[in-house]
Amino acid sequence: ATKSGQVRALAFSPDGKLLASGGYQNVSLWNPTTGELVKAIKGHRAYVTSVAFSPDGKRLATACEDEVARVYKLEGDEAPLLFKAHKLPVTGIAWSPDGKLLATSAGDENRPTKSGEVKVWAASTGEVQQSFELHTKSATGVAFSPDGGYVAS
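Residues numbered from 1 in each chain as written. Predicted model: local features only at pLDDT ≥ 70, side-chain atom pairs only at ≥ 80, totals over all residues. Heavy atoms only, no water.

Peer 1: Looking at this model, I keep getting lost on the packing of aromatic side chains. Mind explaining?
Peer 2: The geometry of an aromatic ring pair comes down to the distance between the two centres and the angle between the two planes. Considering all chains together, one arrives at two aromatic pairs under this definition. With 5.1 Å between their ring centres and 85 degrees between their planes, Phe83 and Trp121 make a pair best called edge-to-face. Here Trp121 lies in strand β9 (residues 117-122) and Phe83 lies in strand β6 (residues 81-83), a separation of 38 residues in the sequence. You'll find Phe83 and Trp121 in the same group, each marked buried. (Phe/Tyr/Trp six-rings, centres within 6.5 Å; stacked < 30°, edge-to-face > 60°. Helix = DSSP H or I, 4+ residues; strand = E, 2+ residues; numbered from the N terminus. Buried < 20%, exposed > 50% of the residue type's maximum accessible area, 1.4 Å probe, protein only.)

Below, the structure is given as structure tokens:
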């Protein structure tokens, strides 16, 4: 458990050996068996709203209210790959089943007249592959279908 405030996002690694929790300006990686903090990830400038491990468990993607999504390699201390095309708080993040794509949702529930948006990115480069602005309100979550052919938001 953390004493650093609200937790707004949780995800287990595919092998179940790590638990990621997102809070205010941070992500913590925990050993879920012992409760021991394994790694603290800083660099977010607002609340982390969603976290997702890549299918192979080697990367962690984060969505943040600072309008940026990030991908961290869990081995080493490399700077994250930044995904910066949103103009609204990033509210959700999901990996495609093959780990090649990321989908993000964005929106601001405090500005109900502002349309939400969804983007699909190349996970290795951060380049936008597709952009959807079909929401009339905030887009608050995103998921890939099991075959990777569809994105739901």
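Peer 1: Is there a simple way to think about the side chain of Thr104 in this case?
Peer 2: On the secondary structure map, Thr104 appears in strand β8 (residues 101-106). Take Thr104: its relative accessible area is 1%, and that puts it in the buried class. Polar side-chain contacts of Thr104 include one of 2.6 Å to the side chain of His86. What Thr104 contacts, discounting residues up to four positions off in sequence, is Ala69, His86, Val90, Gly92, Ile93, Glu117, Val118, Lys119, Trp121 and Val142. (Polar contact = N/O pair within 3.5 Å; in protein donor to acceptor, adjacent residues only side chain to side chain. Contact = heavy atoms within 4.5 Å.)

Peer 1: Can you help me understand the pairing of strand β4 (residues 59-64) in this one?
Peer 2: On a regular strand, each side chain points to the face opposite its neighbour's, so the side chains alternate between the two faces of the sheet. Within β4, six of the six residues are buried, which leaves it mostly tucked inside the rest of the structure. Burial along β4 is two-sided: Arg59, Ala61 and Ala63 and Leu60, Thr62 and Cys64, pointing in opposite directions, are all buried. As defined by bridge partners, strand β3 (residues 37-53) adjoins β4 across five bridges and the pair is classed as antiparallel. Bridge pairing links Ala52 to Ala61 in β4. Taken together, β3 and the strand that follows it, β4, pair antiparallel across an intervening segment of five residues, in which Gly57 is found at a positive phi of about 75 degrees. (Pairing = 2+ DSSP bridges.)

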